[in-house]
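# Coordinates in review
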Amino acid sequence: MDLLRLALERAATAADAVSVLIDLLERHGQGGACSAEHPSFHYDNGFLVADPTGAFVVETAGMAHAVEEVRGRARSISNGLTIPSFARTYADPLRGAVARHTRRSAMTARRAEAATGPADLVAALRDHGGAGPSYAALSGALGAPCAHAGGLLTSTQTTASWVADLRSGVAGADHWVTATSAPCLSTFVPVRVTDPVPELTGPDGLRNRFDPAHRWWRHEVLHRAALRDPARAVARFAPERDALEHRWFHRERPALAEALEMVEGRERRWLAALLDVPESRPRWLRRLWSGWDRSAQMPAASAP
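Residues numbered from 1 in each chain as written. Predicted model: local features only at pLDDT ≥ 70, side-chain atom pairs only at ≥ 80, totals over all residues. Heavy atoms only, no water.

## Overview of the packing of helix H7 (residues 215–226) against helix H9 (residues 256–274)
What counts is decided by this rule: Note on method: axes are straight lines fitted to C-alpha atoms, helices fitted across the in-contact stretch only, with angles between N-to-C directions ranging 0 to 180 degrees. Helix and strand definitions here come from DSSP, where helices need a minimum of 4 consecutive H or I residues and strands a minimum of 2 consecutive E residues; each element is numbered from the N-terminal end. With respect to orientation, any angle under 35 degrees is reported as roughly parallel, any angle over 145 as roughly antiparallel, any angle of 65 to 115 as roughly perpendicular, and every other angle as oblique. Handedness of a helix crossing follows the sense of rotation of the near helix relative to the far helix, less than a right angle counterclockwise being left-handed and clockwise being right-handed. What makes two residues a contact is simply this: any of their non-hydrogen atoms within 4.5 Å. Note on residue classes: Ala, Val, Leu, Ile, Met, Phe, Trp, Tyr, Cys and Pro are nonpolar, Asp, Glu, Lys and Arg are charged, and everything else, Gly too, is polar.
Contact geometry of H7 with H9 gives a least axis separation of 10 Å together with a crossing angle of 30 degrees. Here H7 is positioned roughly parallel relative to H9, judged by the angle of their axes. Of the two possible hands of crossing, H7 and H9 adopt the one that is left-handed. Counted together, Arg215, Arg218, His219, Val221, Leu222, Ala225 and Ala226 of H7 and Leu260, Val263, Glu264, Glu267, Trp270, Leu271 and Leu274 of H9 form the full contact between these two elements. Classifying every residue of the contact of H7 with H9 gives nine nonpolar, one polar and four charged.

## Things to note about the sheet that holds strand S2 (residues 54–61)
What counts, and what does not: Note: two strands are recorded as paired if DSSP finds a minimum of 2 bridges between them.
Taken in spatial order, the three strands of this open sheet run S1-S2-S3, and their pairing is antiparallel. In this open sheet, the two strands that pair with only one neighbour each are strand S1 (46–51) and strand S3 (64–69). Between one strand and the next, the sheet's axes are offset by a mean angle of 20 degrees, whatever the strand orientation. Sheet topology note: the S1/S2 ladder contains six bridges and is antiparallel. In the sheet register, Ala50 faces S2, and the bridge partner there is Ala55.

## Some points on the environment of Ala149
On the secondary structure map, Ala149 appears in the loop between helix H6 (118–125) and strand S4 (162–165). Placed 14 residues apart in sequence, Ala149 and Tyr135 show a C-alpha to C-alpha distance of 8.6 Å. Apart from the residues lying within four places of it in its own chain, the contact partners of Ala149 are Tyr135, Ser155, Thr156, Gln157, Leu285, Trp289 and Trp292.

## Focus on a nonpolar patch on the surface
What counts is decided by this rule: Like charges are joined within 9 Å and nonpolar side chains (Val, Leu, Ile, Met, Phe, Trp, Tyr) within 5 Å, but only among residues with over 30% relative accessible area and no salt bridge; these make up the patches. Surface exposure here means Shrake-Rupley accessible area, sampled with a 1.4 Å probe, where a residue is shielded only by the protein chains that are shown. When a carboxyl oxygen of Asp or Glu is within 4 Å of a side-chain nitrogen of Lys or Arg, the pair counts as a salt bridge.
On the surface, Met1, Leu4 and Leu8 cluster together to form a nonpolar patch covering roughly 330 Å² of accessible area. One can find Leu4 in helix H1 (residues 2–10).

## Regarding the pattern of salt bridges
Pairs can form between side chains of opposite charge whenever their charged atoms are close. As a reminder of what qualifies: Type-normalised accessible area, obtained with a 1.4 Å probe on protein chains alone, sets the label of each residue: buried when under 20%, exposed when over 50%, and partly exposed for intermediate values.
Summed over all chains, the structure comprises 22 salt bridges. In this structure, Asp229 engages Arg232 in a salt bridge whose closest nitrogen and oxygen atoms are separated by 3.8 Å. Among the residues examined, Asp229 registers a relative accessible area of 14% and is labelled buried. Of the charged contacts, one joins Glu240 and Arg266 as a salt bridge, the two residues approaching to 3.4 Å between their closest N and O atoms. Here the residue Glu240 occupies a position in helix H8 (residues 230–250), and Arg266 occupies one in helix H9, the gap between them amounting to 26 residues. Residue classification places Glu240 among the partly exposed positions, given a relative accessible area of 30%. Sharing partners across several salt bridges, the network here consists of Arg126, Arg241, Asp242 and Glu245.

## Points about the nonpolar core
Spelled out, the test is: In plain words, nonpolar cores are sets of buried Ala, Val, Leu, Ile, Met, Phe, Trp, Tyr and Cys residues tied together by side-chain atoms within 4.5 Å.
Ranked by internal contacts, the top residues of the largest apolar core, which has 20 residues, are Leu185, Phe237 and Leu274. Sorting the residues of this core by element identifies H7, H8 and H9 as the ones contributing at least two each. Considering every element that reaches this core, the biggest residue donor is H7, with six residues. Once you skip the residues sitting within four places of it in the chain, Leu185 turns out to touch His219, Leu222, His223, Ala226, Pro230, Val234, Phe237 and Arg241.

## Digging into the sheet that holds S4
Taken in spatial order, the three strands make up an open sheet running S4-S5-S6, and their pairing is antiparallel. At either end of the open sheet lies a strand with only one pairing partner, and these are S4 and strand S6 (189–191). Going across the sheet, the axis of each strand differs from the next one's by a mean of 25 degrees, ignoring polarity. The sheet contacts of H6 involve S4 and strand S5 (174–177), and relative to S4 the element is tilted by about 160 degrees.

## What to know about the pairing of S3
As paired elements, S2 and S3 share six bridges and run antiparallel to each other. Residue pairing for S3: Val58 is matched across the bridge by Val67. Counting the residues that bridge the hairpin from S2 to S3 gives two residues, and of these Gly62 lies at a positive phi of roughly 65 degrees.

So, in C-alpha cells, the structure goes:
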C-alpha cells in the first residue's frame, strides 16, 4: 500500500505510475506487516495500473518485478502471479492454492470481458459463483470475487470495493466506492477524486475494534447480521439498493456526503428487516465469527 499511495501521489499517467513503482521497488524493496493483528504475515504485491489511454499489470516477488501492457478487452489479477514467464519463476503453488486465485481470477476476467458499464463490474465484484458464499474449511469463501472470511487456515475477505469509469478522461472520470466490506451487502456510492470528500476512516478506525465514528464499522453491524444467511438477507433489500445505484449510474450524481446519508438511512431500515434472518452457517463457521465479534467488541444487532 505504501508503493500504491506514492505512485498515486507522484504520477500523472499509468506509464509514469509504473515507473514510480519500479523505481521505488528497486531502491527500497517492499515489506512491513500486512496484518495489524498478525505482524509476521506478509506477501508480495501486484498492481493494475490504468488511465484513459491504457493499462498495465505490475507483479512483484521481493525486489524482482515484471510488467505487462494490457492489450485485450479485460485483465484480472487476484492474489497470485499471472504473467506467465514471471509466474514460472516466482509463483508459490501452495500459497496460490490456498488463495484459490486461479478460480477467482478466471471469474473476474470472464465478467470483465463481457462488461459494458459500471453496473456490470459491480455485479462482477458481488459474484459468489452461486446464490451465496460457498465456504471451504481451510480458506472460507475465498474462491469468488466477493470473498467472505471463514477459513481455519486463512480468513481473508473483501475489505472495500471500487469501480472506476475512465472513459470521460481523468477530470471527468466517474468512480463508485463502497468504503465497506462485502460488496454483496454494500452500496456503491458515487465519488469524484477531484472533489473534497468527508473522512471515511482514520487512525482510530484502522484498529480492529468497533468504532461507530467510522462508516466502515457502522456498516459492519449490518454486514455481520446478514452473514447468518447472506443470500436470504440481501434479497430483502437488494431491490431498493439496486434501484438507488441505477439512478446514480444513469441519471444523477449526488455529492458523496449526500449519497452516504441516503445509504446510511436505508441501512438502518435494512438492519431492522434482518433481525429475524435464521442462522444457516455451519457450527465451526459460527464459532469463528463469534470470536472475531468478541475481539472487535461488536454491538449486538438491534432495531434502530
